[in-house]
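Breakdown of the fold
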Amino acid sequence: MARPGLSSVALWFIRTVVDFALPQETYAPHSIRIEGHLTLGGLFPVHARGTDGTPCGDIKKENGVHRLEAMMYALDQINQDEQLLPNVTLGARVLDTCSRDTYALEQSLTFVQALITKDTSDVRCTNGEPPVFVKPEKVVGVIGASASSVSIMVANILRLFQIPQISYASTAPELSDDRRYDFFSRVVPPDSFQAQAMVDIIQALGWSYVSTIASEGSYGEKGVEAFTQLSKEAGGICIAQSLKIPHNPKLEDYDKAIQQLLETQHSRAVIIFASEEDIRGVLNATKRANQAGHFLWIGSDSWGAKSSPIHQLEDVAVGAVTILPKRSSIKGFDEYFTALTLENNRRNVWFAEFWEENFDCRLLSSSKREDTSRKCTGQERIGVDSKYEQEGKVQFVIDAVYAMAHALHNMQRDLCPDHPGICPEMESADGKALLKYIRNTSFNGDAGTSVVFNKNGDAPGRYDLFQFQMTNSSAPEYKVVGQWVESLQLKLEELQWPDGEQEVPISVCSLPCKTGERKKRVKGMPCCWHCELCDGYQYQYDETSCRLCAYNMRPNPNRTACQPIPIVKLEWHSPWAIIPVFLAMLGIIATIFVMATFVRYNDTPIVRASGRELSYVLLTGIFLCYIITFLMIAKPDVGVCAFRRIFLGLGMCISYAALLTKTNRIYRIFEQGKQTVAAPRFISPTSQIAITSSLICVQLLGVLVWFAVDPPNTIIDYDEQKTINPMLARGVLKCDITDLQIICSLGYSILLMVTCTIYAIKTRDVPEDFNEAKPIGFTMYTTCIVWLAFIPIFFGTAQSAEKLYIQTTTLTISMNLSASVALGMLYMPKVYIIIFHPELNVQKRKRSFKAVVTAATMSSRLSQKPSERPNGEAKTELCENPSSDPMSQATKKTYVSYNNLRI
C-alpha cells in the first residue's frame, strides 16, 4: 500500500513543476498575465533590490507576494460579483519592480506598448514573408507602485499616455501636485493629513495654547504651516510660539528654542514636525534645561514609533503622542491566502519561489536555494506549517483595485446603457474620461472604511496614534492609544503623563472655568477668557452662556443642568400640624362627651330648656369645625380637596346658623313682649330647625356652584417657596383653592357670625338668667376677636416662604378656638350642672308666657340706673335681699328663669 502512495505523490509533484515551467516559458519570467475584457496593470516589489549589477534580489514574501496576491484576490472577488461590472471580466498584467525606480520604469513600458504604433515595413522573416505581430493587450489603468520614488518615476511616463494610476503605498506630499501628477491617485493618505490629526488631538485633550517646532525645509515648514492654518479654521487653538530649527544647527540653537518655549509657561504642548536628528537635539536641550516632564510632545510620522530619536532620552520623551499611518487586516484575504497551494495557484509565476522561501525547502534540484536540502512535499499549508501575518498594505491594494473597478463600472453604465459588456464607445474612450470617474468614486472598502478621492487624487487620512509610556517592564515603550480615520478616536483613559499625573495636563492661556461658570472671552484673544458664575435659577448651557431653568426646575448643585424642584406638603409630624391636631382631638373628645351627656340626659329640664334640637345641630357644627383640621393637613388629592371645599365653611355655617336662630328667637320674644303678650311666630323647635336648615342650604348651594364652575383639583405651587437660593426652593402640593376662595367660602359663615353678634348686642339687656342670651353674646364677642386676629395673619403671610404652614395652622387653630369658645361657654356649664349638681336639674313651677315676659320686662326696667328710670322711680328689687334669706336667690331664679317655661 506504500508504493502506490509514493508513486502518486511523485506524479503530482512532477506535473506541478511542469505546469509552473510552462507558464514561465509562455510569458515573461517577471510578469503575470490574466486574460479579460479589460486589463489592469500592476506594479509590485516582488523582489528586493539586487546587488552586484543584478536588477532583482531575494523575493519579498510580505511586501511583494502578499500585495500581489491581494490584487489577485480583489480581481477574483470583482469577477464573481454580478453587480459590479456585469458581463465584463477584468484581466491583469502584473510586473515586478524589484524595488528599483529605474527598473520599474523599464517594466512599465509594457503598459504603453499597445498605444505605440510600430513601423514594420522593412521587417521580413527568413522566408521573405512579412512577420505577424501579436498586438499587446491595452492596459486601461495601473495599480501601483509601492515606493514613492517608483510611483513618481512611473507617473511621469503614464501621464504621457493618459493611463490612470492608483497607488496603494506612496505617501510623498509632492504626489498631491495635480499639475505634475494629474493621472496619479492613491488610496493611502498623504503626509499632509497629519496636521489635521494633530489639530484633532489637541482639541480632544482640551489644549488651546500650543507651540510649534519645525525643521527648516519643506517637510517641517509645510507641516507646521498646515497645522497653523487648520488650527485657525478649527478655532479655539492659539499658537504661543512658532520656532524653526535651522540647517546644520548647533547646541545653542536647541537651547535657545527651549528657553523661548519656557517663556510661555502655560503652553506646555509642543507640536514637532522635524527630522530625527532635530527631534533628538530638542529632547537633549530639554534635558539640559532640567525640564524633563514639562513639555507635552505631539510628534509627526518622522517620530512615529521609532526608538532612534529617543535613545537614552526616554525620561524626556515619556508622554509623547506620535502618529503613524494606519493599517488594517482583511479577514477574507487571510482565508484566501492561507488556502493557496502549488496546485491551485498556478497563475502566480513567483509563487513556487515564495513556497520555497516560506517553507524553507526546495522544489527541484535546480532550485536557486542552496541553504537547505529539505525538499518540498507540496502538502505544506500556509499559517500551519509556517508563520503567517497579513502585510499592512494588503487593505490598500484591495481598495485600489476596487476603486478602479467601480470607476470602470460607472463608466460602462454611462457609456453603454443598452449594451451588455464593453461597447465601442467605451473601447475608444481615453484615460481622461476614466480619470474623471476614478476621482468621483466613493464606496466602502473591505476594511469597512470609505474609499474616496479629493480633487488632488488623495485618499482620507488614516493613522494609528501611539504614546511613549512607562510600563511595568524595565523600559518604556510605545503603546497604541487611538486612531484617526477621517476623525479622531482617542482612548483618553489609556493615556499616561509625565510625573505620574492622573488627569490630562493643561496647556491653556486661561485656566478652565469651574463647573457652573461661563467663559467671557477677552477681546482680541480668543484663547483667553474670564469666568462668570451662572447665578440664580440659571444653569450652564454651554461654555459661553447660561440659561434659565423651567419654572418647575432648579439648577443642580454644580449648575450643569436642571433638576426637578422637590415637592413638599404639610406633614403630620410637623410642629405646624401637631398643635392644631392636638387641639382638634381634644375638641372632638369634648364634643363627643357633651353630645353623649345630652343624649344621656335628653329629657332633663336643662337639656330640654336649652333647645335639644338646635343644641344637637350646634354640636354637629362644632364637631365639623374640629374635623376640618384633619382635612387641611391630609395629603391633597381630588377627594381631599372636594371634602375641604364642603366642610371648610360648613361647620362654622351650621354653628352660627344655629346660634343666629337662637339669638333671633330671644330677640323677637322680648321685643314683641314689649308690645303684646302674644307669642311671636316661628319659635317652635320645628320652626327653629327649618330656619337653621334654610341658612345651611345657602352655604351648600354656594359649594355646589363652586364645584360646577371650578371642579376640585390639586396643583403644585412653585412660586410660594421659590427662594433666592435655588437649593431651598420647594414646590408646594396643595388643593386648587386660592386665598380669596377660602375667604369667600368662610364669608357666609362670617356674615352669620356678625349677624349673630348684632343680635347678641341687642339682647344684652336681657337679664343673665334669661335663657342663653348672655353666654351667646360672650361667645360671639370672643369669636369675633379670634377672627379679627385671623384675617391679618392669614393675608399678612401671603408672601412668606412659610405661607403653607402659617396659613394652614392659623386657619385650623382659629376654627378650633371658635368651636372651643362655643362649646365651653354654651355647654360646659350645663354639663357641669348635669353631672356635678343634679339637684339643680329639676322641674320648676311652670308659668305662662305672659307672666314670663312681664317679669322679664320688669326686671329689665328695674335693672336700669336710677337716672335712667322713668318718672324718678325708686330702686326696688323683685325679691328680698339675698343675704337675709338664703333661699331668696333660688326664689329669684325660679321666678325669672326660662327653666320654668319651655317655649
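Residues numbered from 1 in each chain as written. Predicted model: local features only at pLDDT ≥ 70, side-chain atom pairs only at ≥ 80, totals over all residues. Heavy atoms only, no water.

1. Examining the overall build of the chain
Across its full length, the chain carries 25 helices and 27 strands. Taken across its 903 residues, the chain has 48% of its residues classed as buried. Here the contacts in the chain between residues at least 6 apart in sequence split such that 67% fall between residues at least 24 apart. Carbon and sulfur atoms form 56% of the exposed surface of the chain, whose accessible area is close to 44,100 Å². (Helix = DSSP H or I, 4+ residues; strand = E, 2+ residues; numbered from the N terminus. Buried < 20%, exposed > 50% of the residue type's maximum accessible area, 1.4 Å probe, protein only. Contact = heavy atoms within 4.5 Å. Areas by Shrake-Rupley, 256 points an atom, 1.4 Å probe, with all protein chains shown as cover.)

2. A look at the pattern of salt bridges
If you walk through the whole model with that rule in mind, you get 22 salt bridges. The partner of Arg268 in a salt bridge is Glu501, with the nearest N and O atoms 3.4 Å apart. On the criterion of sequence distance, the pair formed by Arg268 in the loop between helix 7 (251–262) and strand 11 (269–273) and Glu501 in the loop between strand 18 (488–490) and strand 19 (517–522) is long-range, its members being 233 residues apart. Residue Arg268 is classed as buried on the basis of its relative accessible area of 14%. (Salt bridge = Lys/Arg side-chain N within 4 Å of Asp/Glu carboxyl O.)

3. Examining the environment of Thr441
One can find Thr441 in the loop between helix 14 (431–439) and strand 14 (442–444). Sequence separation between Thr441 and Ala407 is 34 residues, and the spatial gap between their C-alpha atoms is 6.0 Å. Ignoring sequence-local partners within four residues, the contact set of Thr441 consists of Ala403, His406, Ala407, Val451, Val452 and Phe453. Here the side chain of Thr441 touches Tyr437 through a polar contact of 2.7 Å, landing on its backbone oxygen. (Polar contact = N/O pair within 3.5 Å; in protein donor to acceptor, adjacent residues only side chain to side chain.)

4. Notes on a nonpolar patch on the surface
Where nonpolar side chains cluster on the molecular surface, the patch consists of Phe593, Tyr832, Ile835 and Phe836 and spans about 420 Å² of accessible area. With 3 residues, helix 23 (residues 828–836) is the single largest residue contributor to the nonpolar patch. In this structure, Phe593 sits in helix 15 (residues 575–600). Its relative accessible area of 44% is what places Phe593 among the partly exposed residues. (Patch = residues over 30% accessible without salt bridge, like charges linked within 9 Å, V, L, I, M, F, W, Y side chains within 5 Å.)

5. Remarks on the state of the cysteines
A covalent bond between the sulfur atoms of two cysteines is referred to as a disulfide. Within the structure shown, the criterion is met by 8 disulfides. Disulfide pairing is shown between Cys549 and Cys562; the S-S distance is 1.9 Å. With the S-S dihedral at roughly -90°, the linkage between Cys549 and Cys562 falls on the left-handed side. Taken together, the positions of Cys549 in the loop between strand 22 (545–548) and strand 23 (553–555) and Cys562 in strand 24 (residues 562–564) put the pair 13 residues apart, joining distant regions of the chain. Since its relative accessible area comes to 9%, Cys549 is described here as buried. In this structure Cys562 comes out as partly exposed when scored by relative accessible area, which is 25%. Among the cysteines around Cys653, which has no disulfide bond, Cys697 carries the closest sulfur, lying 9.0 Å off. (Disulfide = S-S within 2.5 Å.)

6. A few points about the sheet that holds strand 9 (residues 209–215)
The pairing of strands in a sheet comes from backbone hydrogen bonds and takes either a parallel or an antiparallel form. Spatially, 10-9-11-12-13-16-17-18 is the arrangement adopted by the 8 strands of the open sheet, whose pairing is mixed. One side of each edge strand has no neighbouring strand; the edge strands of this open sheet are strand 10 (238–245) and strand 18. Between one strand axis and the next, the sheet turns by 25° as a mean value, whatever way the strands run. Of the strand pairs in this sheet, strand 9 and strand 10 are connected by 6 bridges, and their pairing is parallel. Bridge pairing links Ser215 to Ile245 in strand 10. Together, strand 9, strand 11, strand 12 (296–299), strand 13 (321–325), strand 16 (462–469), strand 17 (477–485) and strand 18 form the strand contacts of helix 5 (residues 193–204), whose direction differs from that of strand 11 by roughly 170°. (Pairing = 2+ DSSP bridges. Axes fitted to C-alpha atoms, helices over the stretch in contact; angles between N-to-C directions.)

7. Here we look at the packing of helix 15 against helix 23
Between helix 15 and helix 23, whose axes approach to 11 Å, the crossing angle comes to 50°. By the angle between their directions, the pair helix 15 and helix 23 is classed as oblique. For the crossing formed where helix 15 meets helix 23, the hand is left-handed. Note on element contacts: helix 23 touches helix 15 through Met828, Lys830, Val831, Ile834 and Ile835, opposite Ala590, Phe593, Val594, Thr597 and Phe598. Each residue belonging to the contact of helix 15 with helix 23 can be placed in one class, and the counts come to 8 nonpolar, 1 polar and 1 charged. (Parallel < 35°, antiparallel > 145°, perpendicular 65-115°, else oblique. Left-handed = near helix turned anticlockwise from the far one by under 90°. Nonpolar A, V, L, I, M, F, W, Y, C, P; charged D, E, K, R; others polar.)

8. Structural notes on the nonpolar core
Core analysis: the largest hydrophobic core is formed by 70 residues, its most contacted members being Leu40, Met71, Met72, Leu90, Phe333, Ile398 and Leu408. Element by element, the count of residues in this core is highest for helix 12 (residues 394–415), at 13 residues. In this view, Met72 contacts Ile34, Ala92, Val94, Tyr336 and Arg347; residues no more than four positions away in its chain are not counted. Among the nonpolar cores identified, the runner-up in size contains 53 residues, and Leu618, Ile622, Leu624 and Leu650 belong to it. (Core = buried A, V, L, I, M, F, W, Y, C linked by side-chain atoms within 4.5 Å.)

9. Some thoughts on the confidence of the model for the chain
Put simply, the chain has an average pLDDT of 81, and 84% of its residues get 70 or more. In the model of the chain, helix 1 (residues 2–26) stands out as the element of lowest mean pLDDT, 35, in contrast to strand 7 (residues 165–167), which has the highest, 95. Confidence drops under pLDDT 50 across residues 1–28; counting only partners more than four residues distant or on other chains, this segment forms 20 contacts. Contacts for the low-pLDDT stretch residues 859–903, under 50 throughout, to residues beyond four places or in other chains number 53 contacts. (pLDDT = per-residue confidence, 0-100.)

10. Quick notes on the packing of helix 3 (residues 101–112) against helix 4 (residues 148–158)
For the pair helix 3 and helix 4, the least separation of the axes is 9 Å and the interaxial angle reads 35°. For the crossing formed where helix 3 meets helix 4, the hand is right-handed. Two secondary-structure elements touch here, helix 3 through Asp101, Ala104, Leu105, Ser108, Leu109 and Val112 and helix 4 through Ser149, Val150, Met153, Val154, Ile157 and Leu158. Looking at the contact of helix 3 with helix 4 residue by residue, the class counts come to 9 nonpolar, 2 polar and 1 charged.

11. Notes on the packing of aromatic side chains
This structure, assessed with the given rule, holds 20 aromatic pairs. Ring geometry for Tyr551 versus Tyr718: centroids 5.6 Å apart, planes at 85°, classification edge-to-face. One end of the pair, Tyr551, is in the loop between strand 22 and strand 23; the other, Tyr718, is in strand 26 (residues 714–721), with 167 residues separating them in the sequence. Given the relative accessible area of 59%, Tyr551 is considered exposed. Directly above the ring of Trp529 sits Lys519, whose terminal nitrogen or CZ lies 3.8 Å from the centroid. Lys722 extends its terminal NZ or CZ atom over the ring of Tyr537, reaching a point 5.1 Å from the ring centre. (Phe/Tyr/Trp six-rings, centres within 6.5 Å; stacked < 30°, edge-to-face > 60°. Lys NZ or Arg CZ within 6 Å of the ring centre and 35° of its normal.)

12. Description of helix 4
Among all positions in helix 4, only Val150, Ser151, Ile152, Val154, Ala155, Ile157 and Leu158 are buried. Next to the buried residues of helix 4 lie strand 2 (38–44), helix 3, strand 6 (139–143), strand 7 and strand 8 (184–186).

13. Quick word on unusual backbone geometry
The residue after Gly144, namely Ala145, is reached through a cis peptide bond having omega 0°. A positive phi angle is found at Cys98, which is not glycine, with a value near 50°. Mapped onto the elements of the fold, Cys98 is located in the loop between strand 5 (90–96) and helix 3. When its relative accessible area of 0% is taken as the criterion, Cys98 is described as buried. Here Asn248, not a glycine, exhibits a phi torsion of approximately 50°, which is positive.

14. Focus on the pairing of strand 22
Two elements, strand 21 (residues 538–542) and strand 22, share 4 bridges in a ladder whose sense is antiparallel. Across the sheet, residue Gln538 finds its bridge partner in strand 22, namely Leu548.

15. A word on the sheet that holds strand 5
Read from one edge of the open sheet, 6 strands run 1-5-2-6-7-8, paired in mixed fashion. Because the sheet does not close on itself, it has two edges, and the strands there are strand 1 (31–34) and strand 8. Across the sheet, the axes of successive neighbouring strands diverge by a mean angle of 20°, strand direction being ignored. In the sheet, strand 6 pairs with strand 7 via 2 bridges, with the strands oriented parallel. Paired with Val142 across the bridge in strand 7 is Gln165. The strands that helix 3 touches are strand 2, strand 5 and strand 6; relative to strand 5, the one it contacts most, it runs at about 155°. Contacts from helix 14 reach strand 6, strand 7 and strand 8, with the element oriented near 25° to strand 8.

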